[in-house]
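Here's the letter readout for the chains.
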Amino acid sequence: DAGVIQSPRHEVTEMGQEVTLRCKPISGHDYLFWYRQTMMRGLELLIYFNNNVPIDDSGMPEDRFSAKMPNASFSTLKIQPSEPRDSAVYFCASSQRPPLVSGELFFGEGSRLTVL
Amino acid sequence: KQEVTQIPAALSVPEGENLVLNCSFTDSAIYNLQWFRQDPGKGLTSLLLIQSSQREQTSGRLNASLDKSSGRSTLYIAASQPGDSATYLCAPLGGGTSYGKLTFGQGTILTVHP
């Protein structure tokens, strides 16, 4: 299996621009998670999906952030408009089982976003 | 809200040493705890998962213990090797207000030099 695939790996954009990050989970994994990693705050859960349905989006920082999962093999995280403080590494992870049932997480390699 | 602290923040040791990485968490109402490894510029790889009912878990040279009541976990690395150099993160899976969520510590940056 190719693992969790994220794109782009690196994105540099200017403040105010729209940013779209993409994720392809491992086939057969029903749970998909978006995390953000910064030096100041470490790894934070933004949102997670079960069977393409958003379950918990309480970690989404602002209305500028939105996430969708139109099908089992694809998810997007969109920031519009982007701001310099959004600069971070965004990780997507997937799991075969629910978090409370020993759901081992498999992470992608991340998308490093820099907003100038 | 769950808070996770990892000590030390960084550790540099010569090859062959046995290491102890510490993790403490404030909310003991957890379901399990995972230890992850992160290499520079890469994602996280799960190393060990300990259920709340377990005291320890072993995989090769790694051994993780869990004392849920005191809010502590320890990752023990035996006979360290340069290839062990990475950031190690612990993440308890919470109940209560952190229901179903992994909360990550800031990590311990480990460097093992030949």
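This structure is a prediction, so every number in the text was calculated from the model and none was measured.

Draft legend 1. Representation of the overall build of chain B in the model. Scanning chain B for helices and strands turns up zero helices and ten strands. For chain B, the sequential pattern of α-helices and β-strands runs β-β-β-β-β-β-β-β-β-β. In terms of principal-axis extent, the alpha carbons of chain B reach across some 45 × 30 × 20 Å. Burial statistics for chain B: of 114 residues in total, 46% are counted as buried. If you take every contact in chain B between residues at least 6 apart in sequence, the share linking residues at least 24 apart comes to 55%. Working note: accessible area of chain B is about 5200 Å², and carbon and sulfur atoms make up 50% of it. The distance from the centre of the 8 positive side-chain charges to the centre of the 8 negative ones in chain B is 7 Å.

Draft legend 2. Local environment of the interface of chain A and chain B. Taken together, the contacts link 21 residues of chain A with 21 residues of chain B. Summed over both partners, the interface of chain A with chain B comes to about 1600 Å²; 53% of that surface belongs to carbon and sulfur atoms. Where chain A touches chain B, the interface holds one salt bridge. Ionic pairing is found between Lys42 of chain B and Glu109 of chain A, a salt bridge with its closest N-O pair at 3.4 Å. Between the two partners, chain A and chain B, sit five residue pairs in polar contact (both at pLDDT 80 or more). With three residues, the single largest contributor to the side of chain A that touches chain B is strand E5 (residues 42–50) of chain A. Split into classes, the residues belonging to the side of chain A that touches chain B amount to ten nonpolar, six polar and five charged.

Draft legend 3. Main features of the state of the cysteines. Under the defined criterion, the tally for this structure stands at two disulfides over all chains. Disulfide pairing is shown between Cys23 of chain A and Cys92 of chain A; the S-S distance is 1.9 Å. Between Cys23 of chain A and Cys92 of chain A the disulfide shows an S-S torsion of about -70°. By sign, it is left-handed. Residue Cys23 of chain A is located in strand E3 (residues 19–24), and its partner Cys92 of chain A is located in strand E9 (residues 88–95); the two are separated by 69 residues in the primary sequence. Residue Cys23 of chain A is classed as buried on the basis of its relative accessible area of 1%. We classify Cys92 of chain A as buried; its relative accessible area is 0%. Two residues, Cys23 of chain B and Cys90 of chain B, share a disulfide whose sulfurs are 1.9 Å apart. Handedness of the Cys23 of chain B-Cys90 of chain B disulfide follows from its S-S torsion of about 70°: it is right-handed. Remark: Cys90 of chain B occurs in strand E9 (residues 86–94) and Cys23 of chain B occurs in strand E3 (residues 19–25); sequence separation between them is 67 residues. By the burial criterion, Cys23 of chain B is buried, and Cys90 of chain B matches it.

Draft legend 4. Just the environment of Ser69 of chain B, in detail. Residue and element names in this part refer to chain B. Examined against the element boundaries, Ser69 turns out to sit in the loop between strand E7 (62–67) and strand E8 (72–77). For the pair Ser69 and Ser52, spaced 17 residues apart in sequence, the C-alpha to C-alpha distance is 9.8 Å. Among the polar contacts made by the side chain of Ser69, one reaches the side chain of Asp67 at a distance of 3.0 Å.

Draft legend 5. Focus on the sheet that holds strand E5 (residues 44–51) of chain B. All names here are of chain B. Across the sheet, five strands lie side by side as E2-E10-E9-E4-E5; this open sheet has mixed pairing. Edge positions in the sheet fall to strand E2 (10–14) and E5, since each of these pairs with one other strand and no more. Mean inter-strand twist for the sheet, computed between neighbouring axes without regard to direction, equals 25°.

Conventions and cut-offs
- Residues numbered from 1 in each chain as written.
- Chains lettered and ligands numbered in written order.
- Predicted model: local features only at pLDDT ≥ 70, side-chain atom pairs only at ≥ 80, totals over all residues.
- Heavy atoms only, no water.
- Helix = DSSP H or I, 4+ residues; strand = E, 2+ residues; numbered from the N terminus.
- Buried < 20%, exposed > 50% of the residue type's maximum accessible area, 1.4 Å probe, protein only.
- Contact = heavy atoms within 4.5 Å.
- Areas by Shrake-Rupley, 256 points an atom, 1.4 Å probe, with all protein chains shown as cover.
- Lys, Arg positive; Asp, Glu negative; His and termini not counted.
- Charge placed at Lys NZ, Arg CZ, Asp CG, Glu CD.
- Buried area = accessible area lost by both parts, 1.4 Å probe.
- Salt bridge = Lys/Arg side-chain N within 4 Å of Asp/Glu carboxyl O.
- Polar contact = N/O pair within 3.5 Å; in protein donor to acceptor, adjacent residues only side chain to side chain.
- Nonpolar A, V, L, I, M, F, W, Y, C, P; charged D, E, K, R; others polar.
- Disulfide = S-S within 2.5 Å.
- Pairing = 2+ DSSP bridges.
- Axes fitted to C-alpha atoms, helices over the stretch in contact; angles between N-to-C directions.

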